Amino acid sequence: MKEHDRDDPGLDAVLTGVGPRLRRLRKDRGVTLSALSAATGISVSTLSRLESGGRRPSLELLLPIARAHEVPLDDLVGAPSVGDPRVRARPIVRHGRTMVPLTARPGGLQAYKMVQEAGSGEVPEQRTHEGYEWLFVLSGKLRLLLAEHDLVLEPGEAAEFDTRLPHWFGPAEDQPVEFLSLFGPQGERMHVRAKPKRG
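Keep in mind the model is a prediction, meaning the values are calculated, not measured. (Residues numbered from 1 in each chain as written. Predicted model: local features only at pLDDT ≥ 70, side-chain atom pairs only at ≥ 80, totals over all residues. Heavy atoms only, no water.)

(A) Structural context of the side chain of Ser-181. With respect to the helices and strands, Ser-181 occurs in strand β9 (residues 177-184). Separated by 2.6 Å, the side chains of Ser-181 and Glu-133 make a polar contact. With residues near it in sequence (within four places) discarded, Ser-181 still touches Gln-110, Ala-111, Tyr-112, Met-114, Glu-133, Trp-134 and Leu-135. (Helix = DSSP H or I, 4+ residues; strand = E, 2+ residues; numbered from the N terminus. Polar contact = N/O pair within 3.5 Å; in protein donor to acceptor, adjacent residues only side chain to side chain. Contact = heavy atoms within 4.5 Å.)

What follows is the structure, given as structure tokens:
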């Protein structure tokens, strides 16, 4: 722990509130310490000390607990909500795909950070709809079925296409894939255009 953290009353107040919040969440869900221990791999004694305030919370402990309860980490630490969802947007989980909205404005260009778990997505069924999509792979491999094409995108690779073409995308192998998705309505392309230099 850094020296200045010990003198931060705001930080101390947040950390002090974590234990009671963990206990309340667990009891509200009817989960025993033993069951939570089995789900997280954290010992019962450590979980008990976390809830009683005898153990200082850390990311290594809180992340598995948040996953087990299927809640955002913010719910465990009681972080204040921030008005700008592009900074602290709540994830949307559907069919094994976690989508984090990166834009707040309704309509127009929409941006998402996505994580697709291996083997938990939909069966490859190509669909069509109005719009234009741009994909950029951050980690893992992304399989893209686009009309008659069957492509595999690796980290650092991007694809863009008219969504009126039949398409589907998901993990290319038995590993999760993380990627960015930008979607624009009415065939709006995602190219960044720079004005030419004046002569």
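(B) Structural detail: the packing of helix α3 (residues 33-40) against helix α5 (residues 59-69). Two elements in contact, α3 and α5, have axes separated by 9 Å at closest approach and are oriented at 105°. Relative to α5, the element α3 lies roughly perpendicular. Taken together, the residues of α5 that come into contact with α3 (itself represented by Leu-36, Ala-39 and Thr-40) are Pro-64, Ile-65, Ala-68 and His-69. (Axes fitted to C-alpha atoms, helices over the stretch in contact; angles between N-to-C directions. Parallel < 35°, antiparallel > 145°, perpendicular 65-115°, else oblique.)

(C) Main features of the sheet that holds β9. A sheet is described by the order of its strands in space; here six strands give the open sequence β1-β2-β3-β9-β4-β7, paired in antiparallel fashion. In this open sheet, the two strands that pair with only one neighbour each are β1 (92-94) and β7 (158-162). Averaged over all pairs of adjacent strands, the angle between their axes in this sheet comes to 25°, without regard to strand direction. As judged from the seven bridges shared by strand β3 (residues 110-116) and β9, these two strands associate in the antiparallel manner. By the bridge assignment for β9, Ala-111 is matched with Leu-182. (Pairing = 2+ DSSP bridges.)

(D) Quick peek at the packing of aromatic side chains. The final tally for this structure, using the stated rule, is two aromatic pairs. Geometrically, the ring pair formed by Trp-134 and Phe-136 is stacked, given 5.9 Å between the ring centres and 5° between the ring planes. Judged by centre distance (5.7 Å) and plane angle (90°), the ring pair of Phe-169 and Phe-179 falls under edge-to-face. A residue pair is termed long-range when its members are at least 10 positions apart, and Phe-169 in strand β8 (residues 167-171) and Phe-179 in strand β9 qualify at ten residues. (Phe/Tyr/Trp six-rings, centres within 6.5 Å; stacked < 30°, edge-to-face > 60°.)

(E) Inspection of the packing of α3 against helix α4 (residues 44-52) at higher detail. Viewed as axis vectors pointing N to C, α3 and α4 meet at an angle of 115°, and their least axial separation amounts to 9 Å. In terms of their interaxial angle, α3 and α4 are classed as roughly perpendicular. At the point where α3 passes α4, the crossing takes the right-handed sense. Along the contact surface, α3 presents Leu-33, Ser-34, Leu-36, Ser-37 and Thr-40, while α4 presents Val-44, Leu-47, Ser-48 and Glu-51. Residues of the contact of α3 with α4, tallied by class, amount to four nonpolar, four polar and one charged. (Left-handed = near helix turned anticlockwise from the far one by under 90°. Nonpolar A, V, L, I, M, F, W, Y, C, P; charged D, E, K, R; others polar.)

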